[in-house]
Amino acid sequence: MKIVIIGGGFAGLNLAKHLAGNPIFNVTLVDKNNYHLFPPLLYQVSTAFIEASNITYPFRRMFQYKENLRFHLGELKEVVASDNKIKTSNGDLSYDILVLAMGTETNYFGLESIEKHALPLKTIDDAIHLRNHLLLNAEKAVRTNDPVDKCRLQNIVISGGGPTGVEVSGMLAEMIQSLINKDYPELKEADANIYLISSGNALLGPMSKKSQAEAYKVLDKLGVQVKLNTAVKGYINGDVHLSNGGCIPAATLVWTSGVIARQVPGLPNDCIGRGNRIIVDEFNKVKGAENIFAIGDQCLQTTDADYPNGHPQLAQVAIQQGFCLASNLKRLHSGQVLKPFKYKNKGSMAIISKYKAVVDLPKAFFKGLPAWLVWLFVHIIPIVGFGNKVKLAYNWFLSLMTNDPALRLIIRPKK
Ligand SMILES: Cc1cc2nc3c(=O)[nH]c(=O)nc-3n(C[C@H](O)[C@H](O)[C@H](O)COP(=O)(O)OP(=O)(O)OC[C@H]3O[C@@H](n4cnc5c(N)ncnc54)[C@H](O)[C@@H]3O)c2cc1C
């Protein structure tokens, strides 16, 4: 049976891994990048804390010695369901079963000035671009004698009070304090700030009230100016315009305010739901299709009684859906009854700053150092590759002990 999986994120990769070694399935994983990415640690790459290679792993290396797994580098261009084939930027592929697992992309909600000038944080390229941008601005701030310009170059606005916004704010606040003291003594006197803007009435929206309050308290202590019930409306000539009429001069606007599922040309409109997500049934089969499935962030499944509006777009959901679909494809092949997907919530967590995190378990909450240690452990386990786990642990250890990560390199692609 020819299975084509588009997207090697948590969902697609887990599906492929659970079909590996089963000769019934001839699996081709298609991805526009040649590596798997671990997005929850992207912000640590953008803040020069860890290396990009710590959170990426090449697919072809992963598929070594897996006879029934193949990799195709290419971007999906169109699904031609009538011919059971897909068109990619690098040629066509035919399938018996197609699985869509392309995740999401940044949503700018139609705000053109933001799309043009803000910095998203979804890909490795985004993370390295943000790192370069912050370092280049610090160099420019050293050179200028105009105090207003100096301040604008150093001000950072982060839009979005979810886990990514909170994690980026906390880490930047700490990094900038130590960076300025050590590397940029010329900037010590500048009156620069980090602002975290959230349209919600609390940070870490989907987490418990205790986690939300702790995040606010820790960030406030670090000097981050948190503005709740406020949205970023525009970013024009280096000024961030807010919904309350306010304006912040800032050379950096980090946009973590929303995502939208990636579009799939060729799919009929009536199978696309809220947030562009592909509507699937309880077995992740795409509405109206016979042999097309969708898993992970890209799909909208409302059949799980505990999640009538669809599952949260989280790594655990994607991992569990990949695993469930692998078992169902095996059942399908042997003529057994398929099992509906049911998400098991194992809890959620967010890091706020060095030694401070929050963990919400289904029946418990904890914070501070214990939560931070749990966070480190939980985030090192799913990193692909033993070497990557060791390198990541080493980089963390070094950066934490010295408070002086050595990755502050400005690397720009040759145009
Ligand atoms: C900065 C950040 C921090 C996060 N932190 C957390 C966290 O702490 N905890 C948590 O649970 N979740 C977190 N998430 C969410 C989590 O990463 C997603 O829920 C998860 O990655 C979804 O997995 P997926 O497989 O559906 O999609 P993805 O992991 O996004 O994978 C999609 C894959 O499809 C590929 N692709 C995309 N378009 C195409 C195309 N046209 N053609 C071919 N290939 C394509 C991509 O290259 C990628 O490999 C975070 C996300 C981000 C961006």
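No experiment lies behind these values; they were computed from the predicted model shown. (Residues numbered from 1 in each chain as written. Predicted model: local features only at pLDDT ≥ 70, side-chain atom pairs only at ≥ 80, totals over all residues. Heavy atoms only, no water.)

## Details of the overall build of the protein chain
- Regarding its fold elements, the protein chain presents eleven helices and 25 strands.
- In terms of overall size, the protein chain behaves like a compact globule, its C-alpha atoms giving a radius of gyration of 22 Å where 415 residues would be expected to give roughly 22 Å.
- Projected onto its principal axes, the C-alpha coordinates of the protein chain cover approximately 70 × 50 × 45 Å.
- Across the 415 residues of the protein chain, 50% fall into the buried class.
- Sequence-distant contacts in the protein chain: of pairs separated by 6 or more residues, those separated by 24 or more amount to 64%.
- Within the structure as shown, the protein chain displays about 19,700 Å² of accessible surface, and the carbon and sulfur contribution to it stands at 54%.
- Here the protein chain carries 46 positive and 34 negative side-chain charges, and the mean point of each set is 5 Å from the other. (Helix = DSSP H or I, 4+ residues; strand = E, 2+ residues; numbered from the N terminus. Rg over C-alpha atoms; globule rule 2.2 N^0.38 Å. Buried < 20%, exposed > 50% of the residue type's maximum accessible area, 1.4 Å probe, protein only. Contact = heavy atoms within 4.5 Å. Areas by Shrake-Rupley, 256 points an atom, 1.4 Å probe, with all protein chains shown as cover. Lys, Arg positive; Asp, Glu negative; His and termini not counted. Charge placed at Lys NZ, Arg CZ, Asp CG, Glu CD.)

## So, the site of the ligand
- Near the ligand there are 28 residues, and of these A11, D31, L76, D297 and A315 occur at the shortest range.
- At 2.6 Å, a side-chain N or O of D31 approaches an oxygen atom of the ligand.
- A distance of 3.4 Å separates an oxygen atom of the ligand from a polar atom in the backbone of L314.
- In the complex, 87% of the free accessible area of the ligand, which totals 990 Å², lies under the protein chains. (Near = heavy atom within 4 Å. Polar contact = N/O pair within 3.5 Å; in protein donor to acceptor, adjacent residues only side chain to side chain.)

## A short note on the nonpolar core
- Within the largest apolar cluster, 77 residues are counted, with the highest numbers of intra-cluster contacts made by I55 and W396.
- Of the residues forming this core, the biggest block, six residues, is contributed by helix α1 (residues 10-19).
- When we break this core down by domain, the ones giving at least three residues each are domain 1 (2-106 + 259-333) and domain 2 (112-257).
- Beyond its immediate sequence surroundings of up to four residues, I55 is in contact with H36, L37, F38, L41, L42, V45, I50, I124 and I383.
- Within the second largest apolar cluster, 21 residues are counted, among which are L76, L93, L98 and C271. (Core = buried A, V, L, I, M, F, W, Y, C linked by side-chain atoms within 4.5 Å. Domains from an automatic or database assignment.)

## Concerning a nonpolar patch on the surface
- A cluster of nonpolar side chains, contributed by Y355, L369, L373, Y394, F397, L398 and M401, occupies part of the molecular surface with about 720 Å² of accessible area.
- When residues of the nonpolar patch are traced back to their parent elements, those giving at least two are α10 (368-380) and α11 (386-402).
- Counting residues per element, the nonpolar patch draws most heavily on α11, at four residues.
- The topology assignment puts F397 in helix α11. (Patch = residues over 30% accessible without salt bridge, like charges linked within 9 Å, V, L, I, M, F, W, Y side chains within 5 Å. Salt bridge = Lys/Arg side-chain N within 4 Å of Asp/Glu carboxyl O.)

## Side note on the UniProt feature "transmembrane region" (unreviewed entry) in the protein chain
- In the UniProt entry, the feature "transmembrane region" (unreviewed entry) is given for residues 364-387.
- Split by type, residues 364-387 is 62% helix and 17% strand. Its first and last C-alpha atoms lie 33 Å apart. (UniProt positions renumbered as here; feature names shortened; annotations may be inferred.)

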